[in-house]
Amino acid sequence: MKNYPPEFKADAVALYESRPEATITSVAADLGINPETLRNWVRAAGASRPRGRRTQEPAQPPAPLEAENAALRKKVRELEEEREILRKAAKYFAGETRW
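Thresholds applied
- Residues numbered from 1 in each chain as written.
- Predicted model: local features only at pLDDT ≥ 70, side-chain atom pairs only at ≥ 80, totals over all residues.
- Heavy atoms only, no water.
- Phe/Tyr/Trp six-rings, centres within 6.5 Å; stacked < 30°, edge-to-face > 60°.
- Buried < 20%, exposed > 50% of the residue type's maximum accessible area, 1.4 Å probe, protein only.
- Helix = DSSP H or I, 4+ residues; strand = E, 2+ residues; numbered from the N terminus.
- Salt bridge = Lys/Arg side-chain N within 4 Å of Asp/Glu carboxyl O.

Novice: Looking at this structure, how should I read the packing of aromatic side chains?
Specialist: Think of a pair of aromatic rings as described by two things: how far the centres are apart, and how the planes are tilted against each other in angle. In the structure shown here, the tally under the stated rule is eight aromatic pairs. An angle of 20 degrees between the planes, with centres 5.4 Å apart, marks the rings of Tyr4 and Phe8 as stacked. Under the relative-accessibility criterion, Tyr4 is labelled buried at 14%. Measuring from centroid to centroid gives 6.4 Å for Phe8 and Phe93, while their planes differ by 80 degrees, and the two rings are edge-to-face. Of this pair, Phe8 sits in helix H1 (residues 6–18) while Phe93 is found in helix H4 (residues 64–97), placing the two residues 85 residues apart along the sequence. By the ring-pair criterion, three or more aromatic residues cluster together here, those being Tyr4, Phe8, Trp41, Tyr92 and Phe93.

Novice: Just checking my understanding: could you explain the pattern of salt bridges for this structure?
Specialist: Oppositely charged side chains are able to pair whenever their charged atoms sit close together. Under the definition given, this model contains five salt bridges. The closest approach of N and O atoms between Glu36 and Arg39, which form a salt bridge, is 2.4 Å. Here the residue Glu36 and the residue Arg39 both occupy positions in helix H3 (residues 35–45), the gap between them amounting to three residues, near one helical turn. Put simply, Arg87 and Glu84 hold a salt bridge, and the shortest N to O gap is 2.5 Å. Placement of both Arg87 and Glu84 in helix H4 is noted, with a separation of three residues, approximately one turn of the helix. Among the residues examined, Arg87 registers a relative accessible area of 44% and is labelled partly exposed. Linked by salt bridges that have partners in common, Arg19, Asp30 and Glu82 make up one network.

Structure below.
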C-alpha cells in the first residue's frame, strides 16, 4: 500500500471538486491513482458536489463576451490547478523512485 502525503490528498480532492463534469474515475486516472483511493479521500474530506441541475437561472443573461470571459477564466483556473497538482505528483513520484 502506498502512502501519499496529505498535501497530495488535499490537492486531489480539490481537483475533483473543481471539475464538476469529471468523475472520480477520470480524476484518479489523470493522477495515476486507484479510483477507490480517491473516493475514500473525497469521503474523508466531506467533499460533495451538488447533484442534478440547478433550478435558479440568472435574472438577466450576461452579454456574450462576459459569458465567454467567465468561461475562459474558469478554464484557466482549472488548468492552473491541474498543472499544480500534476507538478506535485511528478515531484512525489520522482522522489519515490530514487534509491
